[in-house]
Amino acid sequence: MTFTSSFHYQALPMRVSFEVGAVTKVGEELDRLGLSRALVLCTPEQNHLADLVMDHLGDRGAGIFDQARMHVPVETADRARDRARELGADSCVVIGGGSSIGLGKAIALEHGLPIIAIPTTYAGSEMTPIWGLTRDGRKQTGRDAKVLPQSVIYDPQLTATLPAEISAASGLNAVAHAVEALYAPDASPIISLMAEEGVRAFAESLAAVVADGNDLDARSKALYGAWLCGACLGATTMSLHHKLCHVLGGSLDLPHAQTHAIVLPYVLAYNESHAPAARAALQRALGTDGDPSTALWDLEQQLQIPHSLEELGVRETQLPAVIDEVLSNPYSNPTPVTEDGLRHLLGQALRGDRPTRR
Ligand SMILES: NC(=O)c1ccc[n+]([C@@H]2O[C@H](COP(=O)([O-])OP(=O)(O)OC[C@H]3O[C@@H](n4cnc5c(N)ncnc54)[C@H](O)[C@@H]3O)[C@@H](O)[C@H]2O)c1
Ligand SMILES: O=C(O)CCC(=O)CC(=O)O
């Protein structure tokens, strides 16, 4: 960044509370917002967390809807909206990962109910005005200020049960937001600071989180990283990496966070020589003098995650259709996106090779 740089930065209105045990304050947070009757949303597996929230809400808890699913099917959104209306809810408290938060956003989009989010993964949806809805197998996304949570409660204790593989993959999903914010067409100095610090927080915590899920120092640092990286996603436009993961995830039905984790070092290898400021920030964050893509790949080898698209069941014959879809829709990226380049990138990701630029 030089003094002649120009940029725009739109601050997003939201309160953030970060504390081990902060979930106990959810009732106070609702009072602070002048709300009194919250529907609690979660995935079926996180039902016990919804019960915990209901206990802390007392008579401010309207009920629980525990059917949140990945990528928010419209049928699920309709049922959740009906439930909110039947119960006379004036707000939603959402506990869980991006799937639960996405459902809260679907209700907010249609009925304008304010959201208090209590994230338990590192995906970062709680920090963004981005909504997503899936109809007939196709996911549509958009941005709307209505769906931005009014308050976010980060409680590291709640992440202690997140399994090692999901923790690692979800952390790398977050890192991907920061990486692409650093070379975004609408990058700004404040977001670049947050992105660098977010990547650093994960570089310093992910191995410890995977080694011992109950290490609350490491869990706190990782959740702090998730906050920063989520804010980067909310403030900037994403490039090739997010496009590729959405096409791969949507067309081949791949798991969201794991796909991000596998693809990221290869997209970074593709982009880093055309994004020198992002490269330098990532070198500092990852503690390397070499290519950040290689440092990230090395870090990933220590983590219990799938390391190749093949491990997710992808076959080489499926890649040409993915490449066609990625090329069919132009979007910004520091390195021009070509068929040849994508073939090399995806071939390496398929096999899990050490990343190289073609
Ligand atoms: N709109 C946005 O800004 C945005 C940002 C990131 C992700 N997303 C969306 O969010 C979804 C992915 O979110 P995700 O990766 O958090 O997945 P998720 O919410 O489905 O959670 C992943 C898994 O972790 C489990 N889990 C969550 N918290 C847990 C805990 N504390 N202990 C044990 N298990 C726990 C869940 O049951 C699930 O099996 C996708 O649909 C993605 O598109 C949206
Ligand atoms: O697809 C969405 O729900 C919105 C953006 C998103 O998922 C970010 C990501 O790819 O991690």
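- Labelled according to an unreviewed UniProt entry, the protein appears under the name Maleylacetate reductase, originating from Rhodococcus jostii.

**A look at the site of ligand 2**
(1) Moving on: Surrounding ligand 2, one finds Ile130, Lys139, Thr141, Asn173, His177, Leu233, His242, His246, His256 and His260.
(2) Moving on: Measuring from an oxygen atom of ligand 2, one finds a side-chain N or O atom of Asn173 at 3.1 Å.
(3) Moving on: Interatomic distance of 3.0 Å between a side-chain N/O atom of His260 and an oxygen atom of ligand 2.
(4) Moving on: Here ligand 2 has 310 Å² of accessible area as a free molecule, and 84% of this is covered by the chains.
(5) Moving on: Every element with two or more residues in the shell around ligand 2 is listed here: β7 (138-143), α5 (164-182), α8 (240-252) and α9 (256-271).
(6) Moving on: Grouping the constituent residues of the shell around ligand 2 by class yields two nonpolar, seven polar and one charged.

**A few points about the site of ligand 1**
(1) Moving on: In the vicinity of ligand 1 lie 23 residues, with Gln46, Ser99, Thr120, Thr121 and Thr128 positioned nearest.
(2) Moving on: Ser99 places a polar side-chain atom, nitrogen or oxygen, 2.6 Å from an oxygen atom of ligand 1.
(3) Moving on: Take Leu158: an N or O atom from its main chain is 3.0 Å from a nitrogen atom of ligand 1.
(4) Moving on: Element by element, the count of residues in the shell around ligand 1 is highest for helix α4 (residues 98-111), at three residues.
(5) Moving on: Residues of the shell around ligand 1, tallied by class, amount to eight nonpolar, twelve polar and three charged.

**Comments concerning the UniProt feature "domain: Fe-containing alcohol dehydrogenase-like C-terminal" (unreviewed entry) in the protein**
(1) Moving on: Residues annotated by UniProt as "domain: Fe-containing alcohol dehydrogenase-like C-terminal" (unreviewed entry) correspond here to residues 168-349.
(2) Moving on: Helix and strand shares over residues 168-349 are 70% and 0% respectively, and the end C-alpha atoms of the span are 18 Å apart.

**With respect to α4**
(1) Moving on: The end-to-end C-alpha distance of α4 is 20 Å, a good match for the 20 Å that 14 residues give at a rise of 1.5 Å each.
(2) Moving on: In terms of burial, α4 is largely enclosed, as ten of its 14 residues are buried.
(3) Moving on: What α4 keeps buried is the set Ser99, Ser100, Ile101, Gly102, Leu103, Gly104, Lys105, Ala106, Ile107 and Ala108.
(4) Moving on: Residues of α4 that are buried sit in contact with β2 (38-41), β3 (61-65), α3 (74-86), β4 (91-96), β5 (115-119) and β6 (130-135).
(5) Moving on: Looking one or two residues beyond α4, the residue adopting positive phi is Gly112, at roughly 70°.

**Topic: the pattern of salt bridges**
(1) Moving on: If you walk through the whole model with that rule in mind, you get 18 salt bridges.
(2) Moving on: Residues Glu29 and Arg15 are paired through a salt bridge, measuring 2.8 Å at the closest nitrogen-oxygen approach. With Glu29 in helix α1 (residues 26-32) and Arg15 in strand β1 (residues 15-18), the pair connects residues that are 14 residues apart, well separated along the chain.
(3) Moving on: Its relative accessible area of 3% is what places Glu29 among the buried residues.
(4) Moving on: Taking the relative accessible area as the measure of exposure, Arg15 reaches 34% and is therefore partly exposed.
(5) Moving on: The partner of Arg200 in a salt bridge is Glu196, with the nearest N and O atoms 2.7 Å apart.

**Focus: the domain arrangement of the protein**
(1) Moving on: Domain assignment breaks the protein into domain 1 (15-159) and domain 2 (164-351).
(2) Moving on: Placing a centre on the C-alpha atoms of domain 1 and another on those of domain 2 gives a separation of 26 Å.
(3) Moving on: The interface is formed by 21 residues belonging to domain 1 together with 24 residues belonging to domain 2.
(4) Moving on: Both faces combined, the contact of domain 1 with domain 2 buries some 1,800 Å², and carbon together with sulfur accounts for 65% of it.
(5) Moving on: The largest share of the area that domain 1 buries against domain 2 comes from Phe18, Tyr122 and Met127, three residues that together contribute 36% of it.
(6) Moving on: Taken together, domain 1 and domain 2 are joined by zero salt bridges.
(7) Moving on: Between domain 1 and domain 2 we count seven residue pairs in polar contact (both at pLDDT 80 or more) in total.
(8) Moving on: Those elements that provide at least two residues to the side of domain 1 that touches domain 2 are β1 and β7.
(9) Moving on: Taken together, the residues of the side of domain 1 that touches domain 2 break down into eleven nonpolar, six polar and four charged.

**Concerning the sheet that holds β3**
(1) Moving on: Ordered in space as β1-β8-β5-β4-β2-β3, the six strands form an open sheet in which the pairing is parallel. Only two strands of the sheet have a single neighbouring strand rather than two, namely β1 and β3. Pairwise comparison of adjacent strand axes, ignoring direction, gives a mean angle of 15° for this sheet.
(2) Moving on: As paired elements, β1 and strand β8 (residues 151-154) share four bridges and run parallel to each other. Bridge assignment links Val16 to a residue of β8, and that residue is Val152.

**Focus on the pairing of β5**
Working note: regular strand, side chains alternate between the two faces of the sheet.
(1) Moving on: Here β5 lies mainly inside the structure; five of its five residues are buried.
(2) Moving on: Every second residue of β5 is oriented toward a common face, with Ile115, Ala117 and Pro119 on one face and Ile116 and Ile118 on the other, all of them buried.
(3) Moving on: Two elements, β4 and β5, share five bridges in a ladder whose sense is parallel. When the bridges of β5 are listed, Cys92 appears paired with Ile115.
(4) Moving on: Handedness of the β4-α4-β5 crossover: right-handed.
(5) Moving on: Summarising the sheet, β5 and β8 pair through two bridges and their orientation is parallel.

What counts and what doesn't
Numbering of residues begins from 1 in every chain and follows the order in which that chain's sequence is written. Lettering of chains starts at A and numbering of ligands starts at 1, both following the order in which they are written. Only residues with pLDDT of at least 70 get local features here, since the model is predicted, and only at 80 or more are side-chain atom pairs given and counted; chain-wide, interface and lining totals rely on the full set of residues. With hydrogens and water stripped out, all remaining heavy atoms of the structure feed into the side-chain values. Summary of the distance rule: residues count as near a molecule or strand when at least one heavy atom falls within 4 Å of that molecule or strand. We define a polar contact as two N or O atoms separated by no more than 3.5 Å, with the added condition that, inside protein, one atom must be a possible hydrogen donor and the other a possible acceptor, whereas residues neighbouring each other in sequence contribute only through side-chain atom pairs. To measure how exposed things are, a 1.4 Å probe is used in the Shrake-Rupley method; for residues, cover is taken only from the protein chains shown. Think of it this way: any DSSP run of H or I at least four residues long counts as a helix, any run of E at least two long counts as a strand, and we number them from the N terminus. Three classes are used: nonpolar for Ala, Val, Leu, Ile, Met, Phe, Trp, Tyr, Cys and Pro, charged for Asp, Glu, Lys and Arg, and polar for all others, with Gly counted as polar. UniProt positions are given in the numbering used here, feature names are shortened, and annotations may be inferred rather than shown by experiment. Working rule for helices: expected span equals 1.5 Å times residues minus one. A 1.4 Å probe rolled over the protein chains alone gives each residue an accessible area, and that area as a share of the maximum for its type sets the label: buried under 20%, exposed over 50%, partly exposed in between. What makes two residues a contact is simply this: any of their non-hydrogen atoms within 4.5 Å. Salt bridge, as used here: a side-chain nitrogen of Lys or Arg that lies within 4 Å of a carboxyl oxygen of Asp or Glu. Residue ranges labeled as domains rest on an automatic or database domain assignment. The term buried area refers to how much accessible surface (probe radius 1.4 Å) is lost by two components on association, counted for both of them together. At least two DSSP bridges between two strands are required for those strands to pair. Where helices are involved, their axes are fitted lines through C-alpha atoms of the stretch in contact, as for all axes, and angles between N-to-C directions lie from 0 to 180°. Note on handedness: a crossover is taken as right-handed if, strands pointing away from the viewer, the path from the first strand over the helix to the second is clockwise.

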